[in-house]
Structure formats: C-alpha cells, structure tokens
Amino acid sequence: DKADDAHSQENARVRGTERARKFPPGIGYMIEGTWGAEILEGVKLPEGYYRVPKKGNSAFGLTHLSRLLRNLEVNLCIVTGDATTGCISSTVRQGAGLGYEIIVVSDATVRANIPYHDVLANRVEVQSTDEVLAFLAGLPERRRSTVESQ
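Everything numeric here is computed off the predicted structure, so don't read it as measured data. (Residues numbered from 1 in each chain as written. Predicted model: local features only at pLDDT ≥ 70, side-chain atom pairs only at ≥ 80, totals over all residues. Heavy atoms only, no water.)

## Description of the pairing of strand β2 (residues 76-81)
Strand residues, when the strand is regular, have side chains that alternate between the two faces of the sheet. Summarising the sheet, β2 and strand β3 (residues 101-109) pair through five bridges and their orientation is parallel. Among the inter-strand pairings, Gly81 is bridged to a residue of β3, identified as Thr109. Read from β2 through helix α4 (residues 84-97) to β3, the crossover connection turns out right-handed. (Pairing = 2+ DSSP bridges. Helix = DSSP H or I, 4+ residues; strand = E, 2+ residues; numbered from the N terminus. Right-handed = clockwise from strand over helix to strand, strands pointing away.)

## Description of the sheet that holds β2
As summarised here, the arrangement of the three strands in space is β2-β3-β4, forming an open sheet in which the pairing is parallel. Looking at the sheet topology across the chains shown, the edges are occupied by β2 and β4 (125-127). Direction aside, the axes of adjacent strands within the sheet are offset by 25 degrees on average. Across the sheet, α4 touches β2 and β3, and the angle it forms with β3 is around 165 degrees. Relative to β3, helix α6 (residues 129-137) is tilted by about 135 degrees, and along the sheet it contacts β2, β3 and β4. (Axes fitted to C-alpha atoms, helices over the stretch in contact; angles between N-to-C directions. Contact = heavy atoms within 4.5 Å.)

Next comes the structure, spelled out in structure tokens:
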C-alpha cells in the first residue's frame, strides 16, 4: 500500500497533487515511475552510490535513509534542493531531530539566500557552496558519504 507515499503513482491517482494537476494527463511531477522522478539525462551517480527515492516531503519520512546513514556511520547531511520552506525545511527539521548534523547549502536551493535560511540557521548550519566545498576538501576521504536522496 503506497497510498500514504506523497510521491507514489497510487497517491497521485487517488488524491492528486497540486503540481500534478497542472500537467497534462499521464504526465507527473516527482511521481515514482514517471519522467518527473528520474535523474536527469547526463547526470550519473558514481559507482557505489546509494539512491533513496523520497516518499514524502522529508527525505527521512517513509524511507530507509536514516537506517542507511546509521549503518554507514554517517552523522552529517548536506542538504540542497527545491523548496526551502517545504521539503528542505521538513528534511532539515526531521534530520536534526534524529541527531544528524545538517548543513543547508544556501545558494544551492531554488530560492537561494531567502530570509527563511535565517530560520533554519537557528537549528542547523547554513553555508554557501564555496564554504561547503572548502569544508569537504578538508575532510579525510573516509568521512565522505555516498548517499543521495532524490
């Protein structure tokens, strides 16, 4: 039963979504199994990476992401994406609640550098791409993760 998965085809058929309603029939946005949920052509995950399809607003909700990260001994998540006040906020709040250290990349979101980043900064780190890349360059190789949530 995938009726409670926000990005499942069943949920789109039963309840629809605001974004899905704006597309022609048969075309979905972020609906599992449709072109809108696929990784862009030309973008390849490196060998050995894990892919965890999102099932709701938070990358942690209704997925095995937290278990995977714990098993890999990952405690830091770097978050980028679309809706800062939606999915990013949900992922950040849930991840912080689960005990993960979180960095939101302020200029790698659709609404870059908006005032809501100040709200997130009360709970997590908010850094620019250049700051995050400098931080990552200073990490030992063994601390770099191979997990991506779509």
